[in-house]
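Summary of structural features
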Amino acid sequence: MWPGKQMQGAIQEKIDNLNKPKGALGRLEELAMQICLVQQTLEPRLCHPCHLLLGGDHGIESEGVSATPREVTWQQMVNFTRGGGGVNMFCRQHGFSLRIIDMGVDYDLSQVPGITDRKVARGTRDFLFEPAMSEAEFLQAISTGASLADDCQREGCNILCIGEMGAANTSPSSIWMSLFCHIPLGECIGAGSGLDGQGISHKQQVLQQALDTFNASKQHTAEDEATYAIRYFGGFEMVGAIGAMLRAAELKMLVMVDGFIMSACALAACHLYPQAKEYMIFGHCGDESGHRRMLDSLGAKPLLSLGLRLGEGTGALCAYPIIDSAVRMINEMNNFQNARITKYF
């Protein structure tokens with residue numbers, strides 16, 4: 001999937017010949033290299049940026065692991081259609097086409113204008129007792145996410161941002177982090193949308209019990225372990241995001257990764273297909289406990305650290321101007337020869 005690096009020398013030469021000290025533009029130079037390699041060109045472009053906002057509810061929410069009640073998911077989804085969310089503001093600011101997708105909200109949103117109905121089911125099952133979704137539901141969610149990336153690419157998009165809306169989705173994210181990064185679960189669990197100390201302790205007890213049940217059940221499935229973990233704990237919006245990330249990489253699109261939940265989805269996607277990471281740009285390191293460690297495990301360097309923990313893809317959207325600057329740097333800066341400046345290195 002990852003394009004050959006035959007162009008790497010030519011790209012580096014172009015970057016080094018821009019009229020600046022070698023390496024003086026730091027991360028912008030690294031970004032420009034990545035984007036040029038993905039697009040296999042010395043003149044990269046960012047075209048028709050799209051943002052997928054995927055919504056879904058989680059059965060584990062009924063165990064009191066989130067400060068956000070379930071009904072907030074559908075209420076916020078409706079709010080997004082009216083332009084009132086943080087994600088709306090940033091999409092308007094940076095020129096993103098916003099698509100609001102119902103992947104598994106526990107509410108009938110099929111008649112709400114502005115929401116695309118791709119509902120797999122009205123929320124996942126409670127993974128404290130059983131897998132969150134069946135194999136068929138998992139495959140449907142992956143396929144739906146892939147089709148959403150296809151839709152964006154057909155409209156001319158070559159850079160895709162993905163966000164989520166779903167009460168309790170830090171819970172599966174924490175478990176994925178523990179499983180895929182081999183970190184004790186307690187070090188992966190945070191306050192989510194605002195739990196106090198007692199709430200965090202309860203969340204840890206519930207998730208540890210769920211993880212113990214999962215570990216005991218693995219011997220009874222012939223599935224690949226990573227795939228089984230993804231469908232056992234994931235939400236429909238999260239598995240949809242994984243499908244979109246993987247398909248976008250296949251289409252040689254850039255994938256902008258947001259905070260804790262979307263980083264967990266990126267982590268899961270990379271466990272399925274490691275080369276997908278080469279297409280990912282990590283926008284933001286958030287405040288959720290463990291996010292920095294998750295990013296370190298991925299070898300990812302986020303562009304921003306603003307203390308955000310809103311989700312929706314807002315941290316990644318905030319990073320878009322930096323990505324744009326990297327592209328403008330390699331396309332618009334003059335070089336030493338044309339500027340008639342002595343090259344001193």
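Please refer to the structure higher up on the page.
Since this is a predicted model, take the numbers as computed values, not measurements.

Definitions and limits used
Residues numbered from 1 in each chain as written. Predicted model: local features only at pLDDT ≥ 70, side-chain atom pairs only at ≥ 80, totals over all residues. Heavy atoms only, no water. Helix = DSSP H or I, 4+ residues; strand = E, 2+ residues; numbered from the N terminus. Rg over C-alpha atoms; globule rule 2.2 N^0.38 Å. Buried < 20%, exposed > 50% of the residue type's maximum accessible area, 1.4 Å probe, protein only. Contact = heavy atoms within 4.5 Å. Areas by Shrake-Rupley, 256 points an atom, 1.4 Å probe, with all protein chains shown as cover. Lys, Arg positive; Asp, Glu negative; His and termini not counted. Charge placed at Lys NZ, Arg CZ, Asp CG, Glu CD. Phe/Tyr/Trp six-rings, centres within 6.5 Å; stacked < 30°, edge-to-face > 60°. Core = buried A, V, L, I, M, F, W, Y, C linked by side-chain atoms within 4.5 Å. Salt bridge = Lys/Arg side-chain N within 4 Å of Asp/Glu carboxyl O. Pairing = 2+ DSSP bridges. Axes fitted to C-alpha atoms, helices over the stretch in contact; angles between N-to-C directions. Polar contact = N/O pair within 3.5 Å; in protein donor to acceptor, adjacent residues only side chain to side chain.

1. Points about the overall build of the protein chain
Along its length, the protein chain carries 13 helices and six strands. Whereas a compact globule of 345 residues would reach a radius of gyration of roughly 20 Å, the protein chain reaches 21 Å, a difference of no more than 12%. Its C-alpha atoms put the protein chain at 70 × 45 × 40 Å along the principal axes. For the protein chain, buried positions account for 56% of its 345 residues. Long-range contacts, defined here as pairs at least 24 residues apart, represent 74% of the contacts in the protein chain between residues at least 6 apart. With the model as given, the accessible surface of the protein chain reaches about 13800 Å², and the carbon-plus-sulfur share is 47%. Distance between charge centres in the protein chain, computed from 28 positive and 37 negative side chains, equals 9 Å.

2. Description of the packing of aromatic side chains
Aromatic rings considered in pairs are described by the distance between their centres and by the relative angle of their planes. This model, assessed by the stated rule, comprises eight aromatic pairs. Aromatic side chains W74 and Y107 sit 3.9 Å apart centroid to centroid with 5° between the ring planes, which places their arrangement in the stacked category. Residue W74 is located in helix α3 (residues 71-81), and its partner Y107 is located in the loop between β2 (97-104) and β3 (115-117); the two are separated by 33 residues in the primary sequence. The exposure class of W74 is partly exposed, given its relative accessible area of 23%. Residue Y107 is classed as partly exposed on the basis of its relative accessible area, which comes to 32%. Measuring from centroid to centroid gives 5.3 Å for F214 and Y228, while their planes differ by 25°, and the two rings are stacked. Here F214, found in helix α7 (residues 197-217), pairs with Y228, found in helix α8 (residues 225-233); they are 14 residues apart in sequence, far enough to count as distant. The class of Y228 is buried, set by a relative accessible area of 5%.

3. Re the nonpolar core
Ranked by size, the top nonpolar core spans 108 residues in total, and within it L160, I162, W176, F233 and M280 carry the most contacts. Sequence-distant contacts of W176, that is, excluding residues within four places in its chain, are made with C181, A229, I230, F233, G234, M238, I242, A264, C265, L267 and A268. In terms of nonpolar packing, the next biggest core, distinct from the first, is built from 10 residues, M7, I11, L18 and I330 among them.

4. A word on the pattern of salt bridges
Enumeration according to the criterion identifies 17 salt bridges in this entry. One salt bridge connects E137 with R125, and the closest N-O pair in it is separated by 2.8 Å. Highlighted residues: E137 in helix α5 (residues 135-154) and R125 in the loop between β3 and α5, separated in sequence by 12 residues. Here R125 falls in the partly exposed class, since its relative accessible area comes to 34%. Residue R247 is joined to E250 by a salt bridge in which the shortest nitrogen-to-oxygen separation is 2.9 Å. Of this pair, R247 and E250 are both found in helix α9 (residues 236-250), three residues apart, which corresponds to roughly one turn of the helix.

5. Quick look at the sheet that holds β3
Sheet strands pair by backbone hydrogen bonding; their relative direction is either parallel or antiparallel. Spatially, the six strands line up as an open sheet ordered β3-β2-β1-β4-β5-β6, and their pairing is parallel. Whereas interior strands pair on both sides, the edge strands pair on one side only; in this sheet they are β3 and β6 (280-282). Averaged over all pairs of adjacent strands, the angle between strand axes in this sheet comes to 30°, irrespective of strand direction. Bridging between strand β1 (residues 50-56) and strand β4 (residues 159-165) involves six bridges; their strand directions are parallel. Paired with L54 across the two strands is E164, which belongs to β4. Sheet contacts for helix α2 (residues 26-39): β5 (254-257) and β6; angle to β6, the most-contacted strand, approximately 160°.

6. Some details on unusual backbone geometry
The phi angle at A168 is positive, at roughly 80°, despite the residue not being glycine. With a phi close to 60°, K252 is a non-glycine residue in the positive phi region. Here K252 lies in the loop between α9 and β5. Residue K252 is classed as partly exposed on the basis of its relative accessible area, which comes to 41%.

7. Some words on the side chain of K20
Within the secondary structure layout, K20 lies in the loop between α1 (8-16) and α2. Looking at K20, the relative accessible area reads 5%, which means it is buried. Side-chain polar atoms of K20 contact the backbone oxygen of I15, separated by 3.2 Å. Looking at K20, its side chain comes within polar contact range of the side chain of E29, at 2.8 Å. Excluding anything up to four places from it in sequence, K20 contacts I15, L25, E29, M333, F336, Y344 and F345.

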